[in-house]
Amino acid sequence: MMGAVAKPTIGIIGTGAIGGFYGVMLARAGFDVHFLLRSEFSAVTEHGLQVNSAQHGALTLNPVQAYSSAADLPPCDWLLVGAKTTSNADLAPAIIQAAAPNAKVLVLQNGLDVEDSLRECLPDSLHVLGGLCYICVHRESPGVITHQALGAVHIGYHSGPATSEQSRSAISEEGADLFRAAGIDSQPMPNLHQARWQKLVWNIPYNGLSVLLGAGTTPLMADTDSRELIKALMAEVVQGAIACGHQVPQGYAEHLFMMTEKMPDYWPSMYHDFVHKRPLELAAIYARPLAAAKAAGCEMPRIEALFQSLSFIDRRNR
């Protein structure tokens, strides 16, 4: 008989909507999950973490293995980074403190090249992977998360000690297996950069327009003009991706457009950042794709206009 494989220790760096949701799901599936919290530490220690999910019902994790300092976490085999891209440079010390030797760091963030700024600050012995979350989730109040729909995580290897294609894909597969064990659809992505461009086809229009027009997905999809604008922005992202040498499956933008029509009314994360006067993730979601496309000889004028408008709003808001 095969011996049972020891379950990895998992650390959550940034227990907001994303880190909280996936952390709770993994903990409920029997994984040893440790949560690093800053402002919400006392609330979570007192009341636990609560996920109100349209799909899974009301889930509570209490007690929570919660920490206010990364130095207190046990050595973690997997570290899931759910914090905002705007804080990536500051996250490295916490990751280094919480990482077991040869740990895998999975960056669950939106945008392009979000792993790069972290990679520069981490030791070469750590694996860095990117995770794309296809999910409608937001933080309701300290320790309380609302999950409206979806939940899949696509994982790709970014950099680290795994050099062969085989070992890189084995690690991506290992990450996908963690989520699958928790009942979450997950698949490895052979080309992380391409996958990030594909995710931008949704993030660029809906994140920015929710802030600019003050609307969730339902009203945006119900109006003729905003529908046309979303389609035009999506088409520009596809052109940018292709210019940068990435494939976008035929009909991919149309598929995301139709998927959004079926979704419950969803306010993207950028809108929540705007309302709470937090910095908007403009570098990762707009500036980098614009610069990459421009370097490849491709202009994206509508995205540029959206980025300039959001930059003005972001400065004024703070």
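Residues numbered from 1 in each chain as written. Predicted model: local features only at pLDDT ≥ 70, side-chain atom pairs only at ≥ 80, totals over all residues. Heavy atoms only, no water.

Okay, the overall build of the protein chain next. Across its full length, the protein chain holds 12 helices and 10 strands. Scaling as 2.2 N^0.38, a compact globule of 318 residues should have a C-alpha radius of gyration of about 20 Å, and the protein chain matches this with 19 Å. Principal-axis analysis of the C-alpha atoms places the extent of the protein chain at approximately 60 × 45 × 40 Å. Taking all 318 residues of the protein chain together, 54% fall into the buried category. Long-range pairs, those at least 24 residues apart, make up 71% of the contacts in the protein chain with a sequence separation of at least 6. Surface accessibility of the protein chain: about 13700 Å² in total, with carbon and sulfur atoms responsible for 54%. (Helix = DSSP H or I, 4+ residues; strand = E, 2+ residues; numbered from the N terminus. Rg over C-alpha atoms; globule rule 2.2 N^0.38 Å. Buried < 20%, exposed > 50% of the residue type's maximum accessible area, 1.4 Å probe, protein only. Contact = heavy atoms within 4.5 Å. Areas by Shrake-Rupley, 256 points an atom, 1.4 Å probe, with all protein chains shown as cover.)

What follows deals with the packing of aromatic side chains. Enumeration according to the criterion identifies seven aromatic pairs in this entry. Judged by centre distance (4.7 Å) and plane angle (25°), the rings of Trp202 and Tyr206 are stacked. One end of the pair is Trp202 and the other is Tyr206, both in helix α6 (residues 192-213) and four residues apart, which spans about a single turn. Considering the side-chain rings of Trp202 and Tyr266, the 6.4 Å spacing of their centres and the 40° angle between planes classify their relative orientation as tilted. Of this pair, Trp202 sits in helix α6 while Tyr266 sits in the loop between α9 (252-262) and α10 (269-275), and the two are 64 residues apart along the sequence. Counting every residue linked through ring pairs, the aromatic cluster contains Phe21, Tyr22 and Phe179. One Lys or Arg, Lys7, reaches over the ring of Phe31 and ends 4.8 Å from the middle of that ring. In this structure, Lys199 packs its charged tip against the face of Tyr134, placed 5.3 Å from the ring centre. (Phe/Tyr/Trp six-rings, centres within 6.5 Å; stacked < 30°, edge-to-face > 60°. Lys NZ or Arg CZ within 6 Å of the ring centre and 35° of its normal.)

Burial analysis of strand β6 (residues 76-81) places five of its six residues in the buried class, the great majority of the element. By the bridge criterion, four bridges tie strand β1 (residues 9-13) to β6 in an arrangement that is parallel. Paired with Gly11 across the bridge in β6 is Leu79. Pairing geometry for β6 and strand β7 (residues 99-108), over five bridges, is parallel. Considered in β7, the bridge of Leu79 is made with Val105. (Pairing = 2+ DSSP bridges.)

This paragraph deals with unusual backbone geometry. In this structure, the amide linkage connecting Asn62 to the following residue, Pro63, adopts the cis form with an omega of 5°. Tracing the sequence through the fold places Pro63 in the loop between β4 (57-61) and β5 (66-67). The backbone phi angle of Asn102 is positive, close to 65°, even though this residue is not glycine. Mapped onto the fold, Asn102 is located in strand β7. By relative accessible area, which is 41% here, Asn102 ends up partly exposed.

Moving on to the packing of helix α8 (residues 224-243) against α9. The interhelical angle for the contact between α8 and α9, taken along N-to-C directions, is 145°, at an axis separation of 10 Å. Considering how the two elements wind past one another, α8 and α9 form a crossing that is right-handed. Of α9, the residues touching α8 (which contributes Arg227, Ile230, Lys231, Met234 and Val238) are Ala253, Leu256, Phe257 and Glu261. Looking at the contact of α8 with α9 residue by residue, the class counts come to six nonpolar, no polar and three charged. (Axes fitted to C-alpha atoms, helices over the stretch in contact; angles between N-to-C directions. Left-handed = near helix turned anticlockwise from the far one by under 90°. Nonpolar A, V, L, I, M, F, W, Y, C, P; charged D, E, K, R; others polar.)

Turning to the pairing of β1, a few remarks are in order. Buried residues dominate β1, accounting for five of its five residues. Direction of pairing for β1 relative to strand β2 (residues 32-36): parallel, over a ladder of five bridges. Across the sheet, the residue bridging to Ile10 is Val33, located in β2. Handedness of the β-α-β unit built from β1, helix α1 (residues 17-28) and β2 comes out right-handed. (Right-handed = clockwise from strand over helix to strand, strands pointing away.)

Inspection of the secondary structure puts His138 in strand β8 (residues 127-141). Classification of His138 by relative accessible area gives buried; the value is 14%. In this structure the side chain of His138 is engaged in a polar contact, spanning 3.2 Å, whose partner is the side chain of Glu140. Ignoring any residue separated from it by four or fewer positions in sequence, one finds His138 in contact with Ala17, Val144, Ile145, Thr146, Gln148 and His272. (Polar contact = N/O pair within 3.5 Å; in protein donor to acceptor, adjacent residues only side chain to side chain.)

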